[in-house]
Amino acid sequence: NAGVTQTPKFQVLKTGQSMTLQCAQDMNHEYMSWYRQDPGMGLRLIHYSVGAGITDQGEVPNGYNVSRSTTEDFPLRLLSAAPSQTSVYFCASSYSLGRNTIYFGEGSWLTVV
Amino acid sequence: TQLLEQSPQFLSIQEGENLTVYCNSSSVFSSLQWYRQEPGEGPVLLVTVVTGGEVKKLKRLTFQFGDARKDSSLHITAAQPGDTGLYLCAGEPANTGNQFYFGTGTSLTVIP
């Protein structure tokens, strides 16, 4: 089972460059989300989607865009990378929130220099 | 300030000791979950607690949801090196809907 697949696993960007982190899930989950993880801060919600065509902002959305054209895919776009966006990014999916298990991808390590 | 604060942030103990990790918030949660994360991997669900006052046990791990559904605790009995990892509480606030927040995390190291 593929589960949640994120690419790339590692990326180095220069300040001002843009890039897209890809995320795909094969579990037919309606809910998908992106988190960033920084030391001492757990995971912080960037953007989330409750279904195709519906997205919304989380705790730290500035500098990031998302779209959800299909149930399976939920890409995260960095518009103009900044050193403050150096982090580990996790994509996650679940049937819905609350009592359901959230499944995570393996993470994408992003460094902005 | 994050919605879910965990304490302690770091914990290093000897094998066989007991420990408790706390997860606190000023908000009410519909449910709370605990995840464990290994280095280089995404978090993996350990348990979900739903009812205020609920206690769940998973082998040597005991999870409790506060009566007011604003806090939770994880107690590990006789810790083993295999328990080493980052423990994260997480949940959906009762008044926000569709947003799932994670705690600040507790990094546990169990020394053989």
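Remember, it's a predicted structure, so these values are computed and weren't measured experimentally.

**Student:** Help me understand the state of the cysteines in this model?
**Tutor:** Disulfide: a covalent bond formed between the sulfur atoms of two cysteine residues. Following the criterion strictly, the structure yields 2 disulfides over all chains and no others. Disulfide pairing is shown between cysteine 23 of chain A and cysteine 91 of chain A; the S-S distance is 1.8 Å. As the torsion about the S-S bond is roughly -75°, the cysteine 23 of chain A-cysteine 91 of chain A disulfide counts as left-handed. Residue cysteine 23 of chain A is found in strand β3 (residues 19-25), and its partner cysteine 91 of chain A is found in strand β9 (residues 87-94); the two are separated by 68 residues along the sequence. Residue classification places cysteine 91 of chain A among the buried residues on the basis of a relative accessible area of 0%. What pairs with cysteine 23 of chain B in a disulfide is cysteine 89 of chain B, and their sulfur atoms sit 2.0 Å apart. Disulfide cysteine 23 of chain B-cysteine 89 of chain B: torsion about the S-S bond near 75°, hence right-handed. Of this pair, cysteine 23 of chain B sits in strand β3 (residues 19-24) while cysteine 89 of chain B sits in strand β9 (residues 85-93), and the two are 66 residues apart along the sequence. Cysteine 89 of chain B carries the same exposure label as cysteine 23 of chain B, and that label is buried.

Here is what the cut-offs are and how they apply
Residues numbered from 1 in each chain as written. Chains lettered and ligands numbered in written order. Predicted model: local features only at pLDDT ≥ 70, side-chain atom pairs only at ≥ 80, totals over all residues. Heavy atoms only, no water. Disulfide = S-S within 2.5 Å. Helix = DSSP H or I, 4+ residues; strand = E, 2+ residues; numbered from the N terminus. Buried < 20%, exposed > 50% of the residue type's maximum accessible area, 1.4 Å probe, protein only.

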